[in-house]
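# Examination of the molecular architecture
Residue strings, one per chain:
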Amino acid sequence: AQSVTQPDIHITVSEGASLELRCNYSYGATPYLFWYVQSPGQGLQLLLKYFSGDTLVQGIKGFEAEFKRSQSSFNLRKPSVHWSDAAEYFCAEVGSYIPTFGRGTSLIVHP
Amino acid sequence: GAGVSQSPRYKVAKRGQDVALRCDPISGHVSLFWYQQALGQGPEFLTYFQNEAQLDKSGLPSDRFFAERPEGSVSTLKIQRTQQEDSAVYLCASIPIGGLPTGELFFGEGSRLTVL
């Protein structure tokens, strides 16, 4: 069965600092990978996705992610975090047709 | 509407009551998913529709959970004889035809169910 692992439950960063959120996927074949963000009381919004091509993908709000097959990872990065980035971040993969989500990482931003 | 609409946003039920949660997907979106999100957890798959056909219900946790989409648009998730462990946010997401597996899921804001 597919599984997505997000090892960090909470991440705290200072505003302006860089950010990396970790994600490991399990699907053996070419995975379809996504990062979503969820603000309090809101639905999930797509940040970026990867399914082929360049392994470094750019998304909205200045986020990027790098697909590394050798490490089964798809980590999310941002060079300079803004206070408005505080939210819950979910990594997801689609092996066949059902998107499977990780448990999420809560990002806390200190001023 | 412009986005996925879910109602009610908040529902408090006494244990043993039946509840119905509604999802109105983006017009024209063929595929519809229901997820359950417990506190501090990620969304867990419940069931998947393509038009009116329920193609996968393997994630429904018990036979108290039932979902339908009779006309291929609005969907209803029904929970019978609610239990405290059913307390969660229920998310609905839709995607246009041909969207899977590479496309974006469009989520509603969810229905938060609290069972007392």
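All chains use their own residue numbering, which begins from 1 and follows the written sequence. Written order determines the labels here, with chains lettered from A and ligands numbered from 1. In view of the model being predicted, local features appear only for residues whose pLDDT reaches at least 70, and side-chain atom pairs are presented and counted only at 80 or more, with totals across whole chains, interfaces and linings using the full set of residues. The basis for the side-chain values is all heavy atoms of the structure; hydrogens and waters are excluded.

## Notes on the overall build of chain A
Secondary structure assignment for chain A yields 0 helices and 12 strands. Strands are runs of DSSP state E lasting at least 2 residues, helices are runs of H or I lasting at least 4, and numbering of each runs from the N terminus. Of the regular secondary structure in chain A, the N- to C-terminal order runs β-β-β-β-β-β-β-β-β-β-β-β. In this setup the radius of gyration rests on C-alpha atoms only. A globule is expected at 2.2 Å times the number of residues raised to 0.38. For chain A, the C-alpha radius of gyration of 13 Å lies close to 13 Å, the compact-globule estimate for 111 residues. A principal-axis box enclosing the C-alpha atoms of chain A has dimensions of 40 × 30 × 20 Å. Each residue gets one of three labels from its accessible area relative to the maximum for its type: buried under 20%, exposed over 50%, partly exposed in between, using a 1.4 Å probe on protein chains only. Looking at chain A as a whole, 46% of its 111 residues are labelled buried. Residues count as neighbours in contact if any of their non-hydrogen atoms are within 4.5 Å of one another. Counting only contacts in chain A whose residues sit at least 6 apart along the sequence, the fraction spanning at least 24 positions is 55%. Accessible surface, chain A: about 5100 Å² in total, of which carbon and sulfur atoms supply 51%. Taking the average place of the 8 positive charges on the side chains of chain A and the average place of its 9 negative ones, the gap between the two points comes to 3 Å. What sets the accessible areas is the Shrake-Rupley method with a 1.4 Å probe; for residues, cover comes only from the shown protein chains. This count recognises Lys and Arg as positive and Asp and Glu as negative, with His and chain-terminal groups excluded. A charged residue contributes its charge at one atom only: NZ of Lys, CZ of Arg, CG of Asp or CD of Glu.

## Thoughts on the overall build of chain B
A tally of helices and strands in chain B yields 0 helices and 11 strands. The order of α-helices and β-strands along chain B, N terminus first, is β-β-β-β-β-β-β-β-β-β-β. Relative to the 2.2 N^0.38 estimate, which gives 13 Å for 116 residues, the radius of gyration of chain B is 13 Å and therefore close to what a compact globule would have. Dimensions along the principal axes, computed over C-alpha positions, put chain B at roughly 40 × 25 × 25 Å. In chain B, buried positions account for 47% of the 116 residues.

## Digging into the state of the cysteines
All names here are of chain A. Only a pair of cysteine sulfur atoms within 2.5 Å qualifies as a disulfide here. Taken as a whole and judged by the stated rule, the model has 2 disulfides over all chains. Paired by a disulfide, Cys23 and Cys91 hold their sulfur atoms 2.0 Å apart. With the S-S dihedral at roughly -65 degrees, the linkage between Cys23 and Cys91 falls on the left-handed side. Of the two residues, Cys23 sits in the loop between strand S3 (19-21) and strand S4 (24-25) while Cys91 sits in strand S10 (residues 87-94), which places them 68 residues apart along the sequence. No difference in accessibility class separates Cys23 from Cys91, as the two residues are buried.

## Topic: the sheet that holds strand S3 (residues 19-24) of chain B
All names here are of chain B. Spatial strand order, S1-S3-S8-S7: 4 strands in an open sheet with antiparallel pairing. Looking along the sheet, the strands with just one partner apiece sit at the ends: strand S1 (5-7) and strand S7 (65-68). Neighbour-to-neighbour, the strand axes of this sheet turn through a mean angle of 15 degrees, independent of strand direction. One bridge is not enough; two strands pair if DSSP finds at least two bridges between them. Of the strand pairs in this sheet, S7 and strand S8 (residues 75-79) are connected by 4 bridges, and their pairing is antiparallel. Looking at the pairing, Phe66 lines up with Lys78 of S8. All axes here are fitted lines through C-alpha atoms, helices being fitted over the stretch that makes contact, and every angle between N-to-C directions spans 0 to 180 degrees.

## Observations regarding the pattern of salt bridges
The working definition used for a salt bridge is a side-chain nitrogen of Lys or Arg within 4 Å of a carboxyl oxygen of Asp or Glu. Scanning all chains against the criterion turns up 8 salt bridges over all chains. One salt bridge connects Lys78 of chain A with Asp85 of chain A, and the closest N-O pair in it is separated by 2.8 Å. Exposure remark for Asp85 of chain A: the relative accessible area of 4% places this residue in the buried category. Notably, a salt bridge pairs Glu68 of chain B with Lys78 of chain B, separated by 3.3 Å at the nearest N-O pair.

## Structural notes on the environment of Phe63 of chain A
All names here are of chain A. Tracing the sequence through the fold places Phe63 in the loop between strand S7 (56-58) and strand S8 (64-68). In this structure, the C-alpha to C-alpha distance between Phe63 and Leu19, residues 44 residues apart in sequence, is 9.4 Å. Apart from the residues within four sequence positions on either side, Phe63 is in contact with Leu19, Leu47, Leu48, Val57, Gln58, Leu76, Arg77, Lys78, Asp85 and Tyr89.

## A few points about the side chain of Asn75 of chain A
Residue and element names in this part refer to chain A. With respect to the helices and strands, Asn75 occurs in strand S9 (residues 73-78). Using a relative accessible area of 14% as the deciding quantity, one classes Asn75 as buried. With residues up to four places along the chain from it excluded, the contact list for Asn75 reads Glu20, Leu21, Arg22, Cys23, Trp35, Glu64, Ala65 and Glu66.

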